[in-house]
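Spelled out, the chains give:
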Amino acid sequence: MPSFDTLPSADGLWTGLTGLDGQPCAIAVQGGQIAWTGAPDAVPAGHAALPQHAGQGALVTPGLVDCHTHLVYGGQRANEFAMRLAGASYEEVAQAGGGIVSSVRATREATEEELFASASARLQSLLAEGVCAIEIKSGYGLALEHERKQLRVARRLATAHGVTVRTTFLGAHALPPEYVGRSGDYIDLVCREMLPALHAEGLVDAVDVFCERIAFSLAETEQVFRAAQALGIPVKLHAEQLSDMGGAALAARYGALSCDHIEHLSQEGIDAMAAAGTVAVLLPGAYYTLRDTQLPPIAALRAAGVPMAVSTDHNPGTSPALSLLLMANMACTLFRLTVPEAIAGITTHAARALGLQATHGAIAAGMPANFVLWKLQDAAELAYWFGQRPVRCVVRQGRIAEG
Ligand code: NIG
Ligand code: FE
C-alpha cells in the first residue's frame, strides 16, 4: 500500500462535473481544501489559472460517510449465518454463547497488528467505493486493554489511509463472560475505569450503548450516558432494534448525535429525537441479514423532520456488508426512502450523525476536499445499481486517492 502522503495532490480546478442537481459545476481545490465551487461560467479569476482536472461530465458527490461501523474485530461468524438458516434467531444464537461474545473471544485473542491488517483490508473496500469519513466502534474487547486495542487500531487506520475516523467507545455492547450475573459491576467498570482511561488517552470521540433486553437496560444506559456527559463526550445509541425499550427518548434527553437501528421506535421516541435534533441512523444490512419484518417508521420520521442517515453497520454478526451504495439501494428498496433521501443518508445526514457536518458530507468552500467522481450520469443511478463499483475517482483529504 503506497503511503497516503505520496498520493497526488488534488489541488487545481476540477471542471466538466455534473452536480447532484444535474447542473454543470466546477470545484477549485487549494491546499487540500475546497476553495470555491459553483457554475463553470462563474469561476473566479483567481482560480481560472489553476491546473485543470477534466471531469468529462462525471457526476460528482460529496465523499461518502459511513456513520456506524464495528470494523475492527477478530474472526468471523459464518457459523451463525448457518445457524440462523437452520432456524435460530439472533437472540437464540446470542443466548447459546454465540453472538457478540464470540467475536469478543476472537478479538481478545488477536494482536493489535492482526486487527489492523484485517480491518485495513475491509476499510479498503469501503474507501474504493468513495467513503471519506467513517465511524468505528469498539465493543468487541469489553475489557480495558482490549477496548484500547480496538480504538488504537481505529486511530491508526485514519493515519494509514488518510480517512477521517470518528471513534466510538461501545464498552456497553454486551456483558463479558467474566461478569455474567454482575451486570451492575460491569457497568460500573465501564463508567469509572474504562471510559475515563480511554478518554484520557484521546481515544474516544463518542460513547454508545446497546440498549436491548439481550444487552443493557435503560437505567444502565443512562448511567453510561451520565459518565459520558460528565466528561463532555457526545453520546449515541443502538436503540429499539429488537424491542421498544424507550432508549431513543432517553438518548434524545442527553442530546444524542444519533439513534441507530430503531425498527421498533415509538412516536414518543420520534418526537424526542426531532426536538433534540438527533439523527435517525437506518441500518438495512442488519435488517436484511436478520430477516427482520418490523420496518423502521420511515413515514413518521419524515413527517417529524428527523434527518435520516444510512450506514453499513459493518459487523461480523448482523451485517457483514462492505458497500455503502448497496445500503443506499436497500434503504430505498426495503425502507422506501427516496433516492435524494438515500443520498443525503450517506453524505450530509451521515456527517451530522458524527457531529462532522461543518467539515464533511457536502461540497462547500472551506471544507477539506472530499468528493467522488462517478462513472454515472444520473444521481438515481447511485442507488439503482448494486454489486458494481461505479467510481471514476475519489478525492480524499485533498489527494487523488482512488481511480
Ligand atoms: O449493530 N446490535 C448490536 N450490535 C451490532 C451487532 C453486533 C454483533 O452481532 O456482533 C449491530 O447490529
Ligand atoms: Fe451496530
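Given the structure is predicted, the values throughout are model-derived calculations rather than measurements. (Residues numbered from 1 in each chain as written. Chains lettered and ligands numbered in written order. Predicted model: local features only at pLDDT ≥ 70, side-chain atom pairs only at ≥ 80, totals over all residues. Heavy atoms only, no water.)

Asks: I tried to follow the coordination of the iron ion (ligand 2) on my own but got confused; where do I start?
Replies: Six octahedral donors around a metal ideally make angles of 90 or 180 degrees; four tetrahedral donors ideally make 109.5 degrees. In this structure, His 68 (NE2), His 70 (NE2), His 238 (NE2) and Asp 313 (OD) serve as the protein donors to the iron ion (ligand 2), at separations of 2.1 to 2.4 Å. In primary sequence terms, the donor set of the iron ion (ligand 2) follows H-x1-H-x167-H-x74-D. A single burial state applies to His 68 and to His 70, both of which are buried. (Donors = N, O, S within 2.8 Å, 3.2 Å for Na, K, Ca; no water. Buried < 20%, exposed > 50% of the residue type's maximum accessible area, 1.4 Å probe, protein only.)

Asks: Help me understand the pattern of salt bridges in this model?
Replies: Opposite charge on two side chains permits them to pair, given that their charged atoms come into close proximity. In total, this model carries 16 salt bridges according to the counting rule given. The partner of Arg 156 in a salt bridge is Glu 112, with the nearest N and O atoms 3.1 Å apart. Of the two residues, Arg 156 sits in helix H6 (residues 144–161) while Glu 112 sits in helix H5 (residues 112–128), which places them 44 residues apart along the sequence. Classification of Arg 156 by relative accessible area gives partly exposed; the value is 27%. A relative accessible area of 19% places Glu 112 in the buried class. Close ionic contact of Asp 188 with Arg 192 constitutes a salt bridge, the shortest N to O distance being 3.8 Å. Placement of the pair is Asp 188 and Arg 192 together in helix H7 (residues 183–200), with a separation of four residues, close to one helical turn. A relative accessible area of 23% places Asp 188 in the partly exposed class. Exposure remark for Arg 192: the relative accessible area of 62% places this residue in the exposed category. A single salt-bridge network, built from bridges that share partners, covers Glu 112, Glu 113, Arg 152 and Arg 156. (Salt bridge = Lys/Arg side-chain N within 4 Å of Asp/Glu carboxyl O. Helix = DSSP H or I, 4+ residues; strand = E, 2+ residues; numbered from the N terminus.)

Asks: What should I look at first to understand the UniProt feature "binding site: Fe(3+)" (unreviewed entry) in the protein in this one?
Replies: In the numbering adopted here, UniProt assigns the feature "binding site: Fe(3+)" (unreviewed entry) to His 68, His 70, His 238 and Asp 313. In terms of the greatest pairwise C-alpha distance, the residues named above, spread along 246 residues, form a tight cluster of at most 12.2 Å across. From the list above, the largest cavity is lined by His 70, His 238 and Asp 313. Setting aside residues no more than four positions away along its own chain, His 70 makes contact with Lys 137, Tyr 140, Leu 170, His 173, His 238, Asp 313, His 314 and Asn 315. (UniProt positions renumbered as here; feature names shortened; annotations may be inferred. 1 Å grid on protein atoms, 1.4 Å probe; cavity = no way out; pocket = protein on both sides within 12 Å on 5 of 7 lines; lining within 4 Å. Contact = heavy atoms within 4.5 Å.)

Asks: Help me understand the layout of surface pockets, please; the structure alone is not making it clear to me.
Replies: Once rolled over the atoms, a probe with the size of a water molecule shows which space is left empty. Roughly 400 Å³ of internal volume is contained in the largest pocket. Secondary-structure elements contributing two or more residues to the lining of the largest pocket are helix H2 (78–85), helix H3 (90–95) and helix H11 (284–289). Looking at the lining of the largest pocket element by element, the count peaks at three residues for H2. Taken together, the residues that form the lining of the largest pocket break down as seven nonpolar, five polar and five charged. Empty space within the second largest pocket amounts to approximately 290 Å³. Taken together, 15 residues line the second largest pocket, and the ones lying closest to its centre are Ala 94, Val 101, Ala 174, Leu 175 and Ile 214. (Points joined across faces, edges and corners; volume = space filled by probe spheres on them. Nonpolar A, V, L, I, M, F, W, Y, C, P; charged D, E, K, R; others polar.)

Asks: Sorry, what's going on with the side chain of Thr 164 here?
Replies: By the element assignment, Thr 164 lies in strand E8 (residues 164–172). Leaving out residues up to four positions away in the same chain, Thr 164 has contacts with Cys 132, Ala 133, Ile 134, Leu 356, His 360 and Gln 397.

Asks: Hey, could you run me through unusual backbone geometry in this one?
Replies: Most peptide bonds are trans, and most residues other than glycine sit at a negative phi. Despite not being glycine, His 261 shows a phi value in the positive range, around 85 degrees. Of note, His 261 is situated in strand E11 (residues 258–261). Residue His 261 is classed as buried on the basis of its relative accessible area of 2%. For Arg 336, which is not glycine, the phi dihedral falls at a positive 65 degrees. Note that Arg 336 resides in the loop between helix H13 (324–333) and helix H14 (339–345). Overall, the relative accessible area of 61% leaves Arg 336 in the exposed class.

Asks: Sorry, what's going on with empty space enclosed by the protein here?
Replies: Considering all chains together, one arrives at three cavities of 30 Å³ or more under this definition. When the residues that make up the lining of the largest cavity are grouped by side-chain class, the tally is four nonpolar, eight polar and two charged. Approximately 40 Å³ is the volume attributed to the second largest cavity. In this structure, the second largest cavity is lined by Glu 129, Ser 323, Leu 325, Leu 326, Glu 381, Leu 382, Trp 385, Phe 386, Gly 387, Gln 388 and Pro 390. When contributions to the lining of the second largest cavity are tallied by element, the ones reaching two or more residues are H13 and helix H16 (381–384). Split by residue class, the lining of the second largest cavity holds six nonpolar, three polar and two charged.

Asks: So what exactly am I meant to see when it comes to the pairing of strand E9 (residues 206–210) here?
Replies: Regular strands have side chains that alternate between both faces of the sheet. For E9, a buried count of five out of five residues is recorded, marking the element as mostly surrounded by other parts of the structure. With burial as the criterion, each face of E9 is covered, one bearing Ala 206, Asp 208 and Phe 210 and the other bearing Val 207 and Val 209. The pairing of E8 with E9 spans three bridges and is classified as parallel. Directly across from Phe 169, in E9, lies its bridge partner Val 207. Following the chain from E8 across H7 to the adjacent parallel E9, one finds a crossover that is right-handed. Both E9 and strand E10 (residues 235–239) contribute to a ladder of four bridges, which runs parallel. If you follow Val 207 over to E10, its bridge partner there is Val 235. In terms of handedness, the path from E9 via helix H8 (residues 218–230) over to E10 forms a crossover that is right-handed. (Pairing = 2+ DSSP bridges. Right-handed = clockwise from strand over helix to strand, strands pointing away.)

Asks: I tried to follow the packing of H5 against H6 on my own but got confused; where do I start?
Replies: For any two helices packed against each other, the geometry is given by the interaxial angle and the distance between the axes. Contact pair H5 / H6: the axes reach a minimum separation of 9 Å and the direction vectors enclose 50 degrees. Here H5 is positioned oblique relative to H6, judged by the angle of their axes. Like other packed secondary-structure pairs, H5 and H6 cross with a definite hand, here right-handed. Side by side, H5 and H6 meet where Glu 112, Glu 113, Leu 115, Phe 116, Ala 119, Ser 120, Leu 123, Gln 124 and Leu 127 of the first sit next to Lys 149, Arg 152, Val 153, Arg 156, Leu 157, Ala 160 and His 161 of the second. By residue class, the composition of the contact of H5 with H6 is eight nonpolar, three polar and five charged. (Axes fitted to C-alpha atoms, helices over the stretch in contact; angles between N-to-C directions. Parallel < 35°, antiparallel > 145°, perpendicular 65-115°, else oblique. Left-handed = near helix turned anticlockwise from the far one by under 90°.)

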